[in-house]
Amino acid sequence: MLLKKVYTLVFISKDQQILLGLKKRGFGVNKWNGFGGKLEPNETIVEAASRELKEECCIRVKTTDLKNIGHLEFTFEGDKTMMEVRVFGSKLFEGIPRETEEMLPKWFPCNNIPFDDMWPDDRIWFPYMLKGQLFYGRFHYKDLDTILNYHIEELKSMEEFYNRNL
Ligand SMILES: Nc1ncnc2c1[nH]c(=O)n2[C@H]1C[C@H](O)[C@@H](COP(=O)(O)OP(=O)(O)OP(=O)(O)O)O1
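Residues numbered from 1 in each chain as written. Predicted model: local features only at pLDDT ≥ 70, side-chain atom pairs only at ≥ 80, totals over all residues. Heavy atoms only, no water.

Chemist: I'm lost on the site of the ligand in this one. Help?
Modeler: Taken together, 17 residues sit near the ligand, with Thr8, Lys23, Lys38, Met83 and Asp121 positioned nearest. In the environment of the ligand, an oxygen atom lies 3.4 Å from a nitrogen or oxygen atom belonging to the side chain of glutamate 52. In this structure, a nitrogen atom belonging to the ligand sits 2.6 Å away from a side-chain N or O atom of aspartate 121. Protein chains shield 83% of the accessible area of the ligand, which is 640 Å² for the free molecule. Elements with a minimum of two residues in the shell around the ligand: strand S1 (3-14) and helix H1 (45-57). Ranked by residue count, the leading element in the shell around the ligand is S1, at three residues. Within the shell around the ligand, the residues separate by chemical class into six nonpolar, four polar and seven charged. (Near = heavy atom within 4 Å. Polar contact = N/O pair within 3.5 Å; in protein donor to acceptor, adjacent residues only side chain to side chain. Areas by Shrake-Rupley, 256 points an atom, 1.4 Å probe, with all protein chains shown as cover. Helix = DSSP H or I, 4+ residues; strand = E, 2+ residues; numbered from the N terminus. Nonpolar A, V, L, I, M, F, W, Y, C, P; charged D, E, K, R; others polar.)

Structure representation (structure tokens):
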């Protein structure tokens, strides 16, 4: 039986560019990623997504402007925790990205994503996100650099996906 922990992951985009942040500490340090983290008590998933974005790069987005675009699950060999990551996207936001204690933000052209300095799974599901396709990905890691096996699929609708997994 796996213990599930829920995380958010937010991608802001504009003019064929996507905002990534270089993680300065903690889990995934020195990797480029979207912005997100764990839920706080009594917080909805979109509230957590919006809060983490603001805390990590000073960008504000309304919860109603966050679109759930994907769902990721990560497990690690010998670990009974499953990380469930709800992925959101938005083109509607306010503010200018600013460096914080946790992240160094930078815009990247969508055709020049720094995959060599990202989680190995990103290379597999980013193409779905960049094409505007909804996706579900499941990745089992041996260690932080090695994927042992994975499953990826395009989804017709996130609602249908969550209903089928009730
Ligand atoms: N493999 C992979 N690919 C893409 N994105 C991620 C992973 N693993 C991950 O954890 N993530 C994402 C999911 C979250 O957005 C972050 C991790 O959140 P984390 O920084 O640990 O959570 P916080 O709540 O911000 O942590 P504190 O440092 O504040 O305790 O990476």
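Chemist: Teacher, can you tell me more about the confidence of the model for the protein chain here?
Modeler: Detailed reading of the predicted model is not advised wherever pLDDT is low. Residues at a pLDDT of 70 or more form 100% of the protein chain, whose mean pLDDT is 97. For this predicted complex, the interface confidence score (ipTM) comes to 0.94, while the overall pTM stands at 0.96. (pLDDT = per-residue confidence, 0-100.)

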